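Report on the structure
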Amino acid sequence: MIAPFKFLNNPHVDSFSFMISKLINSGMLKSCGFYRKNENTALNRKDQDENARVELKETSVSEEFRLDPLSAEDDGKDSSRPVGRPVEHSAFYKLKLLLTYTFTGAATLGAFFSMPISKSCSVRKTIIYDFISNSRHNWKKLLLMVAIKAILMVKEVQNDQSFSALICDDSNIHRRRAKHVELSAWNFDHVEGKNTKGVLMMPIARTWGNVTLPCNLSLISSSKAKNVICEKRAGIDNRTSGGKRRVQATTNKTDVVVDLVKECLDQGISAKYFMTDSWFTCINQLVLDIYSLGLDYIGMDQNFSQYYLYNGKQYHLNDLKKFMVSAPHCSNKDILGHTEVMIPPGRKNAKKMTAEEYDKACINAKIVWLRARGSEDQVIAILCTDLSLSDEEVIRSYSARFNIEFGFFDMKHFLNLESGSRATNYDSVFSHITMACIQLIMTLLKFFNEDNKTIGSLYRETTDAFRVKPLADVIGKIVTMVTELPDQMIAKGYIVKGKEKEFARDVLMQLKKLLEGISLYIADFILDTIETVQRQFQ
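Residues numbered from 1 in each chain as written. Predicted model: local features only at pLDDT ≥ 70, side-chain atom pairs only at ≥ 80, totals over all residues. Heavy atoms only, no water.

The next thing to look at is the overall build of the protein. Of regular secondary structure, the protein possesses 21 helices and twelve strands. In the protein, which comprises 538 residues, the proportion classed as buried is 50%. Nonlocal contacts in the protein, meaning residues at least 24 apart in sequence, comprise 69% of its contacts between residues at least 6 apart. With the model as given, the accessible surface of the protein reaches about 27000 Å², and the carbon-plus-sulfur share is 52%. (Helix = DSSP H or I, 4+ residues; strand = E, 2+ residues; numbered from the N terminus. Buried < 20%, exposed > 50% of the residue type's maximum accessible area, 1.4 Å probe, protein only. Contact = heavy atoms within 4.5 Å. Areas by Shrake-Rupley, 256 points an atom, 1.4 Å probe, with all protein chains shown as cover.)

Set out below in structure tokens:
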């Protein structure tokens with residue numbers, strides 16, 4: 001038998017093969033519907049459609065499930081493996097092929113099978129195509145389970161008190177010349193500023209500020225039937241995973257966001273905050289629904305049709321600037337201040353409520369006003385439901401939302417997210433995007449495994465040092481101020497001339513004692529600066 005994956009001689013690809021074995025096991029694949037029992041059991045189920053019956057008849061295993069995790073070095077000669085389909089027909093083998101062929105230089109799956117290295121894989125191209133187009137495979141659950149394992153690995157090197165948030169955003173997957181792509185639709189592209197053909201990728205990502213991992217996914221078509229270019233394929237049972245994905249694809253985006261967050265929370269992926277861009281934040285009901293799930297909402301806001309309550313009166317966003325309160329002790333001059341408001345329910349839900357129910361449904365929030373970079377007139381509004389955060393903390397927390405944009409960039413430019421699949425089947429497109437998300441997770445974990453800072457607690461200490469980097473700037477200003485302070489004290493008559501050096505030495509000594517308990521390397525830099533200044537006064 002041909003040894004599987006001989007093209008993994010590439011060390012870069014081989015490291016990803018090892019990562020797959022760490023993240024995915026046969027038990028996960030079984031729970032996601034990738035393994036099925038024998039042919040007779042499957043064919044007797046009444047909810048099987050005709051296409052699924054034909055597929056099971058051709059590829060089902062006569063024995064029990066294939067539950068063996070296949071390693072890259074497996075030569076297929078293990079006598080303990082149960083008799084059944086060949087190794088290359090197992091779901092684990094197919095997933096490993098789908099996750100690694102991108103790193104061989106092939107732009108698409110079809111291009112890979114036309115390359116000489118594909119001859120080392122004894123599986124046919126049609127078998128892989130049938131595998132990714134199977135409507136009964138639960139790709140969303142696979143991504144969730146892989147993300148949970150990856151999160152546990154990242155948590156080992158993260159501080160327990162570190163920042164945690166879920167991020168949601170959408171990105172256009174363009175299919176400009178495809179008229180027969182299932183559930184393709186016209187969607188507005190904010191980058192190009194016009195409607196384009198394709199689908200919307202909407203992931204949920206878990207972030208710590210320095211690391212961001214995709215956790216859940218939905219592929220959105222359009223909730224408006226007039227925008228849908230190609231209808232969904234007939235004969236798909238809505239009880240299957242593929243049927244549920246198609247129903248969700250034509251659901252309103254705000255409802256999909258809430259469902260995706262619920263799925264993450266139900267699987268144990270917890271966070272303190274939920275962050276989105278202005279398109280989602282301007283929908284009051286979405287903010288209330290996320291808040292009801294136990295997550296504080298942070299998002300950029302824009303002046304659309306939504307309104308807020310201030311002192312019991314309704315105001316649009318732009319009208320709330322006049323009630324702005326300056327934040328005390330704020331070192332960032334671009335932060336203008338904040339306005340505390342109440343977020344009411346959406347108009348449709350408000351019509352069904354009594355006055356008492358309406359008051360109970362409102363939640364407290366604040367809008368932080370920030371001057372746009374490079375502009376004196378343009379002002380950015382950041383909505384936050386956590387009133388305990390200062391204005392600077394709100395801005396610093398929201399800055400982590402942009403990490404999901406980097407994820408989109410990496411998947412589109414390096415993992416062939418947009419150009420790597422020309423399939424017209426919705427399940428095939430969904431599986432391709434899921435593979436790109438898992439590849440992004442593997443890439444981040446590969447960085448963690450190879451980076452020396454992840455040894456022991458070294459990563460945590462170095463990230464803490466980077467996190468308090470602004471402290472160095474503050475201390476530097478203080479040291480500079482100390483050098484100028486004696487002359488100012490003499491001018492005001494607070495100290496006698498001739499005692500300025502003693503005064504400066506005492507102040508620097510107290511500052512040095514204050515920093516002696518800090519173990520970060522950045523403190524060494526500060527202490528060296530203080531000692532340099534001390535020599536000037538000796």
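We are not done yet, so read on.
Attention shifts here to the pairing of strand β2 (residues 171–174). Residues Ser171 and Ile173 point to one face of β2 and Asn172 and His174 to the other, with burial holding for every one of them. Sheet topology note: the β2/strand β4 (residues 194–207) ladder contains four bridges and is antiparallel. Residue Ile173 lies in a different strand from β4, and its bridge partner there is Val199. (Pairing = 2+ DSSP bridges.)

For the coordinates displayed, the defined rule picks out 14 aromatic pairs. Measuring from ring centre to ring centre gives 6.1 Å for Phe409 and Phe414, while their planes differ by 75 degrees; the resulting arrangement is edge-to-face. For Phe409, a relative accessible area of 43% translates into the label partly exposed. Among the aromatic residues, those joined into a cluster by ring pairs are Phe34, Phe131 and Trp139. (Phe/Tyr/Trp six-rings, centres within 6.5 Å; stacked < 30°, edge-to-face > 60°.)

Every buried residue of helix α7 (residues 125–132) is accounted for by Ile127, Ile128, Phe131 and Ile132. One face of α7 carries all of its buried residues, which in axial projection span an arc of 125 degrees. (Arc of directions from axis to C-beta.)

Ranked by internal contacts, the top residues of the largest apolar core, which has 116 residues, are Leu142, Met201 and Phe274. Among the elements that take part in this core, helix α17 (residues 426–450) stands out by supplying twelve residues, more than any other. Residues within four places of Phe274 in sequence aside, it is in contact with Leu166, Cys168, Ile204, Val257, Val261, Ile290, Leu295, Asp296, Tyr297 and Ile298. Residues Tyr307, Ala350, Tyr358 and Cys362 belong to the second largest nonpolar core, which totals five residues. (Core = buried A, V, L, I, M, F, W, Y, C linked by side-chain atoms within 4.5 Å.)

Overall, the coordinates contain 13 salt bridges when judged by the stated rule. Measuring nitrogen to oxygen at the nearest pair gives 3.2 Å for the salt bridge that ties Lys366 to Asp391. Within this pair, whereas Lys366 is found in strand β11 (residues 363–371), its partner Asp391 is found in helix α15 (residues 391–398), the two being separated by 25 residues in sequence. (Salt bridge = Lys/Arg side-chain N within 4 Å of Asp/Glu carboxyl O.)

This part is about unusual backbone geometry. One non-glycine residue, Asn311, lies in positive phi territory at about 55 degrees. Of the residues examined, Asn311 reaches a relative accessible area of 68% and is grouped as exposed. Positive phi is not limited to glycine here, since Asn416 has a value of about 55 degrees. Mapped onto the secondary structure, Asn416 falls in the loop between α16 (403–414) and α17.

Turning our attention to a positive patch on the surface. Taken together, Arg347, Lys348, Lys351 and Lys352 make up a surface patch of like positive charges. Structurally, Lys352 is set in the loop between α13 (347–351) and α14 (355–361). Overall, Lys352 belongs to the exposed group, its relative accessible area being 70%. (Patch = residues over 30% accessible without salt bridge, like charges linked within 9 Å, V, L, I, M, F, W, Y side chains within 5 Å. Lys, Arg positive; Asp, Glu negative; His and termini not counted. Charge placed at Lys NZ, Arg CZ, Asp CG, Glu CD.)

The predicted model of the protein averages 79 in pLDDT, with 75% of residues at 70 or higher. Across residues 1–10, where pLDDT falls below 50, the model places 34 contacts with residues more than four positions away in sequence or in other chains. (pLDDT = per-residue confidence, 0-100.)

To continue, consider the side chain of Ser428. Counting through the fold element by element, Ser428 comes out in helix α17. Classification of Ser428 by relative accessible area gives buried; the value is 7%. Excluding its chain neighbours within four sequence positions, the residues that come into contact with Ser428 are Ile132, Ser133 and Ala423.

Moving on, we come to the state of the cysteines. By definition, a disulfide is the covalent link that joins the sulfur atoms of two cysteine residues. Counted according to the given criterion, the structure contains zero disulfides. Considering cysteine sulfurs only, Cys264 is the nearest to Cys168, which forms no disulfide, with 9.6 Å between them. The cysteine Cys215 is free of any disulfide, with Cys264 supplying the nearest cysteine sulfur at 5.4 Å. (Disulfide = S-S within 2.5 Å.)

Mapped onto the elements, Leu219 comes out in strand β5 (residues 212–220). Taking the relative accessible area as the measure of exposure, Leu219 reaches 0% and is therefore buried. Sequence separation between Leu219 and Val199 is 20 residues; the distance between their C-alpha atoms is 6.6 Å.

Moving on to α16. Taking 1.5 Å of rise per residue, twelve residues should cover 16 Å, and α16 covers 16 Å from first to last C-alpha, within 8% of that figure. Residues of α16 that are buried: Asn403, Ile404, Gly407, Phe408 and Met411. Along the axis of α16, the buried residues cluster in a sector spanning 155 degrees; they form a single face. Opposite the buried face of α16, by more than 90 degrees, sit the exposed residues His413 and Phe414. Immediately downstream of α16, the backbone of Asn416 shows phi near 55 degrees, a positive value. (Expected span 1.5 Å × (residues − 1).)

For the rest of this paragraph, the subject is the packing of helix α10 (residues 253–266) against helix α12 (residues 284–292). Orientation of α10 relative to α12, taken along the N-to-C sense of each, is 10 degrees, at an axis distance of 10 Å. On the basis of their axis angle, the class for α10 and α12 is roughly parallel. Side by side, α10 and α12 meet where Thr254, Val257, Val258 and Val261 of the first sit next to Leu286, Asp289 and Ile290 of the second. Classifying every residue of the contact of α10 with α12 gives five nonpolar, one polar and one charged. (Axes fitted to C-alpha atoms, helices over the stretch in contact; angles between N-to-C directions. Parallel < 35°, antiparallel > 145°, perpendicular 65-115°, else oblique. Nonpolar A, V, L, I, M, F, W, Y, C, P; charged D, E, K, R; others polar.)

What follows is about the environment of Ala185. Relative to the helices and strands, Ala185 is located in strand β3 (residues 185–189). Separated by ten residues in sequence, Ala185 and Arg175 have C-alpha atoms that sit 9.4 Å apart. Ala185 has contacts with Thr196, Lys197, Gly198, Ser221, Ser222, Asn227, Val228 and Ile229, leaving out every residue within four places of it along the chain.

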